Amino acid sequence: MRKTAVVTGASSGIGAATARRLAAEGYDVVAGARRRERLDKLASDVPSIRPVTLDVTSQESVDALAGSLERCDVLVNNAGGAFGLEPVADGRVDDWQRMYDTNVLGSLRMTQALLPGLIASGDGVLVMLTSTAGHESYEGGGGYTSAKHAQATMTETLRLELVGQPVRIVEIAPGMVKSEGFAVTRFRGDEAAAARVYERVPGPLSPDDVADAIAWSVTRPAHVNVDRMIIRPRAQAAQHRVHRVS
Ligand code: 8X3
């Protein structure tokens, strides 16, 4: 029997790379995202990817996806993002709401809906895509870092609450990843500002690098739980310590 993996935020970046990689590992992949045309394109190249329109901020949408599954062996909570870079004093409440609703509550909705299936599979794996921002703070990142800290803490809590159950709880915390969209969204569509984030950095991570870490973690034997993997470019020693070539 083939295993099924559900990946959220699968229309681009880390989510799309993870959907492709898990399909290559032999999983039937349910790829969820709001942008259906992009999902259809992804699925048209890979027959074992099933595209599903999904909005993780909608309980109805999450429940509809859960109800359509025959089984669920792996859940990758990847949907989320960063919106805005204002200091806390000037942060927009609607940006913060959006960051909490996607990164934190979106992961909660998906986890609650799919956890029974993960446990029933006999060896479920739940992967939370957090970020190094879930473990460090930086100026202008208050909304995103606090949402990612919350998501990281939720992951630890789940591991504590579920010990003894046949489900592994994995946190993948990437640093600088050059993926279409992430920085552009953060800079409210300013592509030039987004491009400057990666300027002269010799080798930021790619979405495939992160998908590789996810695939490795979920394909370990059932008794091996990769608690947390922090993965950064060699050129990034810490959030503020990025090597740029001159
Ligand atoms: C993204 C990493 O460094 O922009 O999750 O916060 S960072």
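Model, not experiment: these values are computed from the prediction.

A. Geometry of the environment of Val52. Looking at where Val52 falls in the secondary structure, it is placed in strand E3 (residues 49-53). What Val52 contacts, discounting residues up to four positions off in sequence, is Val30, Ala31, Gly32, Ala33, Arg36, Leu39 and Leu65.

B. Inspection of the environment of Gly124 at higher detail. Tracing the chain through its elements places Gly124 in strand E5 (residues 124-129). C-alpha of Gly124 to C-alpha of Arg168: the two residues are 44 residues apart in sequence and 6.1 Å apart in space. Setting aside residues up to four positions removed in sequence, Gly124 forms contacts with Asp73, Leu118, Pro166, Val167 and Arg168.

C. Representation of the site of the ligand in the model. Near the ligand you find Ser131, Ala133, Tyr138, Tyr144, Gly175, Phe182, Arg186 and Gln239, and these make up its full shell. Ser131 has a polar side-chain atom sitting 2.6 Å from an oxygen atom of the ligand. Tyr144 is positioned such that a nitrogen or oxygen atom in its side chain is 2.7 Å from an oxygen atom of the ligand. Protein coverage of the free-state accessible area of the ligand, which is 250 Å², stands at 86%. Residues of the shell around the ligand, tallied by class, amount to 4 nonpolar, 3 polar and 1 charged.

D. Structural view of the sheet that holds strand E1 (residues 4-8). In spatial order, the strands read E3-E2-E1-E4-E5-E6-E7; together these 7 strands make up an open sheet with parallel pairing. Each edge of the open sheet carries a strand with a single partner, namely E3 and strand E7 (228-231). Strand-to-strand twist across the sheet, computed as the mean angle between neighbouring axes with direction ignored, equals 15°. Direction of pairing for strand E6 (residues 167-174) relative to E7: parallel, over a ladder of 4 bridges. Residue Ile172 lies in a different strand from E7, and its bridge partner there is Met229.

E. Structural detail: the pattern of salt bridges. Per the stated rule, a full pass over the model turns up 14 salt bridges. Here Asp73 ties to Arg71 by a salt bridge, and the two come within 2.7 Å at their closest N and O atoms. A relative accessible area of 2% places Asp73 in the buried class. Linking Glu136 and Arg232 is a salt bridge whose minimum nitrogen-to-oxygen distance equals 2.8 Å. Remark: Arg232 occurs in the loop between E7 and strand E8 (236-238) and Glu136 occurs in the loop between E5 and helix H5 (142-161); sequence separation between them is 96 residues. One salt-bridge network, held together by shared partners, links Arg21, Glu25 and Asp212.

Thresholds, definitions, all that
Residues numbered from 1 in each chain as written. Predicted model: local features only at pLDDT ≥ 70, side-chain atom pairs only at ≥ 80, totals over all residues. Heavy atoms only, no water. Helix = DSSP H or I, 4+ residues; strand = E, 2+ residues; numbered from the N terminus. Contact = heavy atoms within 4.5 Å. Near = heavy atom within 4 Å. Polar contact = N/O pair within 3.5 Å; in protein donor to acceptor, adjacent residues only side chain to side chain. Areas by Shrake-Rupley, 256 points an atom, 1.4 Å probe, with all protein chains shown as cover. Nonpolar A, V, L, I, M, F, W, Y, C, P; charged D, E, K, R; others polar. Pairing = 2+ DSSP bridges. Axes fitted to C-alpha atoms, helices over the stretch in contact; angles between N-to-C directions. Salt bridge = Lys/Arg side-chain N within 4 Å of Asp/Glu carboxyl O. Buried < 20%, exposed > 50% of the residue type's maximum accessible area, 1.4 Å probe, protein only.

What is shown is where atoms sit, not what they do.
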